[in-house]
Amino acid sequence: MLNALFGRRFLLLLPWLVLAANLGLTLSLWRTAHQQTVETARIEFIHEFETFVDSVTARMTAYEQVLRSVVGLFEASDDVSRAEFRTFVAALRLEERYPGIQGVGFARMIAPAELAGHVKSVRAEGFPEYTVRPPGERDTYSAIVYLEPFDWRNQRAFGFDMWSEPTRREAMARARESGKPALSGKVTLVQETDKDMQAGTLVYVPIYRKPSGSSNPAASRELMGWAYSPLRMKQLMTSILERDNPKLSQRVVVAVYDGQVAASTLLFANGDPAADPSGFAQTRAVVVAGRPWTVTAQALPGAQVKAGLAREDIVLIAGLAISILLAVLVAIVTRSQAQIRQANLDLQRNQKELQTIYDTASVAIAFIGPDGLIRRANQRMAQMFDTPLNRLQGSLYVDRVHPDERTAAIRNVEGLMSGAITFADLQRHYRRDGGGDFWGHLTSVRVADSEGRPAGLVAVIADVTDLKEQTEALARYRDRLEELIAERTAELVAAKQAADAANRAKDAFLANMSHELRTPLNAIGGMSYLLRRDSVTGNIDKSIGRLDKIDNAVKRLLALIGDVLEFAKLEAGQLELEQTAVDADTLMREVAGMFTAQAQAKGLALSVIASSGLPTAMIGAPSRIRSALANYVANAVKFTEQGSVTLRARLEADTGKDALIRFEVEDTGVGIAAETLVRLFTPFELGDNSSTREHGGTGLGLVITKRLAELMGGQAGASSVPGQGSTFWFSVRLKRS
């Protein structure tokens, strides 16, 4: 009796247990689908953002090329007239090929003494009211002389002196000094009116006068003016979004800043960048024509996951429906035994068919009628073919087969129906309704009615796409194995050759070092002998000269030993870098002063050029920077017989917290062959390893410079053209004080 009572209570609780279990499973499936949706949306967001940034940099590069073509126009002609300029720009078809660009112009550099003549000349072209503005006396003037298309908006800029405005002047000066395209900071263009005002920026490329009697414009650095383009940022960025990224603006707020992210540096935004910080966000720093930009993207609320909500809803709704349905069915079964027994009588006719179809729920199961239609199918089959179950049922089975195998599938079905084929077990290529295809392992058998006539087919399909791909991949890997072994063998041989080369270089270094150490020691010994002999004769002048030579030999010996010790410290990781104030310009001038006498003795011009954009108040290791520069300058003076040696420094990157400074030493010496250049920064390597080489050296100076640069957060390298000279450079990262 107790067992019966317990059994009845269990039957009453069973529907609720089934409901709870299915609800838990549904919730788990829904969470998984939601996580997949969010991750897919995040990846798509990052891809779209990177595509937009690449579109911006590509568009700006294209605009630079437009301005370079203008430079080519001026280099090809002694005097470009207004009509020639208009015809040239019209041929560029700016609106069609370069959407978003406001125009292409030419701004002339004007000396104060030339100002009156310039105004008179332009007025004579048919512009009686032309003047250079703003008015006032200045050391230097510039004026926008040509600007096409010469519409009403661009006419507002005609005659404007861009050199008079600090932001524009900085970019113009940078272009003049570097000879490269330069982008200005954020400005308000003179083309703007009271309506639809936009942030603007300008791109400049310098144009130099062609020297008389020469066809090479690079032979003279006399500035004629600038080819330039004004850019209205809203117009430019909107064209990039609409043309290259049409979907992005509907889902993402994109913002472009001049330098760091701040309200005052905002160049463009298609919405409020800080409206909703809860969504996906991405930031990327780019450098456009020497000007740092920051591009950000903020996904609009909900936009990143809308595409996957339908699938999540289906999982949730279907799970709830199945859970409730199963609970109701269990309740009906447990509470209505008499009704179930009666229903079983009605179900017995189809028991064999239903039992066969639903015995296995992890694969697709279908019952195909004699007419080839899918009469019944399970939910797994609907999922496999990516179609609703009601659409799947009633469709032709052979229509689901890939066209390449459809004829064979028809013969297979007909053979099973007729009894010519008793059983099918094969791989079949299928098509999904949602697009794409898959490989299925098909097992099929004919079902007969009570009289032995064919009632249809039962088909079981398992998705074996992954297994097939893995099998094919394994076969390909097997075929590739010997090739991989051969490649690995070649790599090992190359590694052994590299090790042998390193050993040979070290042997050469030891031989060179022995020679370099013996040379000053022999000099010291020889001069000491002569000095003792002179002490007997009392020849003071000769004694002083020989003491000087002994002193030079000692200094050379100490320098050699110093290089070896410095390299040993670097190899052992024991070299410490001080952190004190660094002034790049002062460092270069100090190093130049160290070699002024040597350069003058050889008739060389030794000069220092520092970029105007170098930051001040930086912290670093000035003694190490000075040592690296001195090594470069010493080599440049040593290997240059005529011409010049030039020291330069420029800003490569600025994060706000630190800056990457690049130092260069350029000479007009003998140059270095390409096969020698690639191994100069390798330990124990010399440009000339022969015993008869003209110049001494340990082969460690350039290696030490490279290691020092790397310790200071930079790199080192060199470029050279034999017979024309070399440029050695290194970079260091300095902190802001």
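Computed from a predicted structure; not experimentally measured.

With that settled, the discussion passes to the sheet that holds strand β9 (residues 291–299). In a beta sheet, neighbouring strands pair by backbone hydrogen bonds and run either parallel or antiparallel. The strand order across the open sheet built from 4 strands is β7-β6-β9-β8, with neighbouring strands paired in antiparallel fashion. If you trace the sheet from one side to the other, it starts and ends with β7 (266–269) and β8 (281–288), each paired once. Between one strand axis and the next, the sheet turns through 20° on average, direction left out of account. Direction of pairing for β8 relative to β9: antiparallel, over a ladder of 8 bridges. Bridge pairing links Arg284 to Val295 in β9. Packed on one face of the sheet, helix α7 (residues 233–244) meets β6 (252–258), β7 and β9 and runs near 40° to β7.

Spatially, the 5 strands line up as an open sheet ordered β2-β1-β5-β4-β3, and their pairing is antiparallel. Each edge of the sheet is formed by a strand with only one pairing partner; in this case those strands are β2 (141–148) and β3 (182–183). Bridge analysis of β3 against strand β4 (residues 200–208) gives 2 bridges, and the strand direction is antiparallel. In the sheet register, Leu183 faces β4, and the bridge partner there is Val203. Contacting β4 and β5 (223–232), α7 runs over the sheet at an angle of about 65° to β5.

Membership of the largest hydrophobic core comes to 52 residues, with the highest contact counts inside it found for Phe52, Met60, Phe74, Phe85, Val104, Met237 and Trp293. Here the element with the most residues in this core is helix α1 (residues 2–76); it accounts for 14 residues. Ignoring sequence-local partners within four residues, the contact set of Phe52 consists of Met237, Ile240, Leu241, Asn245, Leu248, Val254 and Val295. If you look at the next biggest cluster of nonpolar residues, it comprises 44 residues, including Leu587, Leu629, Leu647 and Ile661.

Here we come to the side chain of Thr265. Its location among the elements puts Thr265 in the loop between β6 and β7. Discounting chain neighbours no more than four positions away, the residues touching Thr265 are Lys186, Val256, Tyr257, Asp258 and Gln260.

Relative to the 18 Å expected for 13 residues at 1.5 Å per residue, helix α6 (residues 166–178) spans 18 Å between its end C-alpha atoms, a close match to the ideal helical length. Arg168, Ala171, Met172, Ala173, Arg174 and Ala175 are the residues of α6 that are buried. For α6, the elements touching its buried residues are β2, β3, β4, β5 and β9. Between the side-chain oxygen at the start of α6 and the backbone nitrogen of Thr167 there is a gap of 3.0 Å, and the oxygen is on Glu165. Trailing α6 by a residue or two, Gly179 shows a phi angle of about 75°, which is positive.

The geometry of helix α17 (residues 584–594) relative to helix α19 (residues 622–638) is characterised by a closest axis approach of 10 Å and an angle of 45° between their N-to-C directions. Between α17 and α19, the angle is such that the two are oblique. For the element pair α17 and α19, the recorded crossing hand is right-handed. For the pair formed by α17 and α19, the contact residues are Leu587, Met588, Glu590, Val591 and Met594 on the first element and Pro622, Ile625, Arg626, Leu629, Ala630 and Val633 on the second. When the residues that make up the contact of α17 with α19 are grouped by side-chain class, the tally is 9 nonpolar, no polar and 2 charged.

With that settled, consider the packing of aromatic side chains. Summed over all chains, the structure comprises 19 aromatic pairs. Pairing Phe150 with Phe158 gives two aromatic rings, centres 5.4 Å apart and planes at 80°, and the pair type is edge-to-face. Centroid distance Phe663 to Phe730: 5.3 Å. Interplanar angle 25°. Geometry classified as stacked. Of this pair, Phe663 sits in strand β19 (residues 658–667) while Phe730 sits in strand β21 (residues 725–736); the two residues are 67 residues apart in sequence, bridging distant segments of the chain. Within the aromatic cluster, the residues linked to one another by ring pairs are Tyr632, Phe663, Phe681, Phe728 and Phe730. Positioned above the aromatic ring of Trp439, the side-chain terminus of Lys468 is 4.3 Å from the ring centre. In this structure, Arg662 is placed above the aromatic ring of Trp729, and the distance from its NZ or CZ to the ring centre is 4.2 Å.

Among the surface-exposed residues, Leu23, Leu320, Ile322, Ile324, Leu325, Leu326, Val328, Leu329 and Ile332 lie close enough to one another that they form a single nonpolar patch of about 720 Å² accessible area. Considering every element that reaches the nonpolar patch, the biggest residue donor is helix α9 (residues 309–335), with 8 residues. The residue Leu320 is located in helix α9 in this model.

Our focus in this paragraph is the environment of Gly717. Looking at the secondary structure, you find Gly717 in strand β20 (residues 716–721). Given a relative accessible area of 10%, Gly717 falls into the buried group. Residues Gly717 and Phe681, spaced 36 residues apart in sequence, show a C-alpha to C-alpha distance of 7.8 Å. Setting aside chain neighbours within four positions, we find Gly717 in contact with Tyr632, Phe681, Thr727, Phe728 and Trp729.

Running from amino to carboxyl end, α19 crosses helix α21 (residues 701–711) at an angle of 145°, the nearest separation of the two axes being 10 Å. By crossing handedness, the relation of α19 to α21 is classed as left-handed. Judged by residue contacts, Arg624, Ala628, Asn631, Tyr632 and Asn635 of α19 engage Gly701, Leu702, Thr705 and Leu708 from α21. Split by residue class, the contact of α19 with α21 holds 4 nonpolar, 4 polar and 1 charged.

A few words now on the pattern of salt bridges. For the structure on display, the rule yields 34 salt bridges. Across the pair Arg589 and Asp585 runs a salt bridge, and its minimum N-O distance is 3.1 Å. Here the residue Arg589 and the residue Asp585 both occupy positions in helix α17, the gap between them amounting to 4 residues, near one helical turn. Exposure remark for Arg589: the relative accessible area of 48% places this residue in the partly exposed category. The partner of Glu652 in a salt bridge is Arg662, and the shortest N-O contact between them spans 3.5 Å. Highlighted residues: Glu652 in strand β18 (residues 644–654) and Arg662 in strand β19, separated in sequence by 10 residues. On the basis of relative accessible area, Glu652 is assigned to the partly exposed category, the value being 35%. On the basis of relative accessibility, which here comes to 15%, the residue Arg662 falls in the buried class. One continuous salt-bridge network, built from bridges that share partners, spans Arg648, Arg650, Glu652, Arg662, Glu664 and Glu666.

Another aspect to go through is the confidence of the model for the protein. Note that predicted coordinates carrying low pLDDT should not be read in detail. Per-residue confidence for the protein gives a mean pLDDT of 82; residues scoring 70 or more make up 79%. Long-range and interchain partners of residues 689–693, a stretch whose pLDDT sits below 50, account for 9 contacts in this model, where long-range means more than four residues apart.

Conventions we followed
- Residues numbered from 1 in each chain as written.
- Predicted model: local features only at pLDDT ≥ 70, side-chain atom pairs only at ≥ 80, totals over all residues.
- Heavy atoms only, no water.
- Pairing = 2+ DSSP bridges.
- Helix = DSSP H or I, 4+ residues; strand = E, 2+ residues; numbered from the N terminus.
- Axes fitted to C-alpha atoms, helices over the stretch in contact; angles between N-to-C directions.
- Contact = heavy atoms within 4.5 Å.
- Core = buried A, V, L, I, M, F, W, Y, C linked by side-chain atoms within 4.5 Å.
- Buried < 20%, exposed > 50% of the residue type's maximum accessible area, 1.4 Å probe, protein only.
- Expected span 1.5 Å × (residues − 1).
- Polar contact = N/O pair within 3.5 Å; in protein donor to acceptor, adjacent residues only side chain to side chain.
- Parallel < 35°, antiparallel > 145°, perpendicular 65-115°, else oblique.
- Left-handed = near helix turned anticlockwise from the far one by under 90°.
- Nonpolar A, V, L, I, M, F, W, Y, C, P; charged D, E, K, R; others polar.
- Phe/Tyr/Trp six-rings, centres within 6.5 Å; stacked < 30°, edge-to-face > 60°.
- Lys NZ or Arg CZ within 6 Å of the ring centre and 35° of its normal.
- Patch = residues over 30% accessible without salt bridge, like charges linked within 9 Å, V, L, I, M, F, W, Y side chains within 5 Å.
- Areas by Shrake-Rupley, 256 points an atom, 1.4 Å probe, with all protein chains shown as cover.
- Salt bridge = Lys/Arg side-chain N within 4 Å of Asp/Glu carboxyl O.
- pLDDT = per-residue confidence, 0-100.

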